[in-house]
Amino acid sequence: MKDVYILAVESSCDETSVSIIKNGFEDIATVINSQIDVHTKYGGVVPEVASRLHLENITMVIDECLERANMKLEDMDAFACTYAPGLLGSLLVGVEATKALAFIYNKPLIATNHMMGHIYANMIGNKLEYPLLSLIVSGGHTDLILMNSENEFEYLGQTLDDAIGEAYDKVARILDLPYPGGPNVEKYALQGEPTYKMPNILNDDSYNFSFSGIKSHVNNLVHNEHQRGNEVNKYDIARSFQDCVTEHLVDKTKKALLNYNLKTFLISGGVAANTHIREALKSMCDSIGVEMHMPEKKYCTDNAAMIGAAAYVLYKNKQFSPLSTNAQSHIRL
Ligand code: KG4
Ligand code: ZN
């Protein structure tokens, strides 16, 4: 079969990223232009600023990606973009730019769901066997999804309140650690001990998650200690928090793997870059004979390579999108 090259664009939050992916699993070139430095000043992503920066950068990032790949727009078989979910203004920039390319070069447009992208980050340089269980842990999602075949998604559980990444970011704020919180909480946790007692999280029979209780617990703990004039040990709080949320992920995932008798598991999303969480899930999978896949860390946080990989699945099924496609802030897989 002829090789298929897809140019993919990701702009759903604060990364402008463009990638060229060959046959759904080979990363020919990926450029990620992060806006983190700008948003750090405000302690989080400012949507209006994000969309303006995407607009300023998108053409430059496309050109740089083509240059790195030593390819031309004419060489592409399709153009893909993230169309949902995410910040509307940010998504629109990527969607409109990609629509223009598909129109000019008369090639299919593939509007791709960002969460499908996270899952298929696992396909880059890797082959997947179905059925499998997929856990997405990101800034907006904590989802357990059963996939009986390649393009089929059955939600088993999700967070009832905050996403795990959101909890990491909020705990970072409470501890006065800079944005983005997740990687900084991880760094502090590495140097701490689990000395603080954390609450039991949603110890029920469902496959759902909950992270707002532990966030409030950390908030109250720090607040009460400060009111008493005591200093808190940020390293130990970060470690205690991380151990607690990791155990929650491991418990629910293990239950789903056993109850559905699954032999393959994959993790994805920004929080999947966390070494402690990767190792804890891997050792649980080893203990029950499940093969675990995890993307390289650079493919966990937002990037266009994962959108190119997911778009290839849609390309094979001829699931193309009309040029009237619009960005959507909320949508499920
Ligand atoms: O997938 P992602 O890049 O964007 C969304 O689609 O949301 O995930 C971003 C989230 C943020 O909450 C960030 O703090 C968290 O992933 N994150 C981490 C780590 N790296 C990124 N959380 C914990 N440990 C990390 N190493
Ligand atoms: Zn994401």
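Provided above is the structure to which this section pertains.
Okay, so let's go over this structure.

Cut-off values and rules
- Residues numbered from 1 in each chain as written.
- Chains lettered and ligands numbered in written order.
- Predicted model: local features only at pLDDT ≥ 70, side-chain atom pairs only at ≥ 80, totals over all residues.
- Heavy atoms only, no water.
- Salt bridge = Lys/Arg side-chain N within 4 Å of Asp/Glu carboxyl O.
- Helix = DSSP H or I, 4+ residues; strand = E, 2+ residues; numbered from the N terminus.
- Buried < 20%, exposed > 50% of the residue type's maximum accessible area, 1.4 Å probe, protein only.
- Near = heavy atom within 4 Å.
- Polar contact = N/O pair within 3.5 Å; in protein donor to acceptor, adjacent residues only side chain to side chain.
- Areas by Shrake-Rupley, 256 points an atom, 1.4 Å probe, with all protein chains shown as cover.
- Nonpolar A, V, L, I, M, F, W, Y, C, P; charged D, E, K, R; others polar.

## Thoughts on the pattern of salt bridges
Note on pairing: side chains with opposite charge can pair once their charged atoms come close. The final tally for this structure, using the stated rule, is 14 salt bridges. Residue R68 is joined to E64 by a salt bridge in which the shortest nitrogen-to-oxygen separation is 2.8 Å. In this pair, R68 and E64 are both assigned in helix α2 (residues 47-69), four residues apart and thus about one turn of the helix distant. Classification of E64 by relative accessible area gives partly exposed; the value is 33%. Between K252 and D204 there is a salt bridge; the shortest N-O distance is 2.5 Å. Taken together, the residues span a long stretch of sequence, with K252 in helix α8 (residues 234-259) and D204 in the loop between α6 (181-190) and α7 (212-227) at a distance of 48 residues. For D204, a relative accessible area of 31% corresponds to the partly exposed category. A network of salt bridges, in which partner residues are shared, links D162, E166, K170 and K215.

## Remarks on the site of ligand 1
Around ligand 1, 18 residues are found, and the nearest of them are H118, G139, D169, E186 and G270. With respect to ligand 1, the side chain of H118 contributes an N or O atom lying 3.0 Å from an oxygen atom. Summarising the interface, the protein chains cover 86% of the accessible area of ligand 1, which totals 550 Å² for the free molecule. Within the residue set of the shell around ligand 1, elements represented by two or more residues are α4 (114-120), α5 (164-174) and α6. Taken together, the residues of the shell around ligand 1 sort by class into four nonpolar, eleven polar and three charged.

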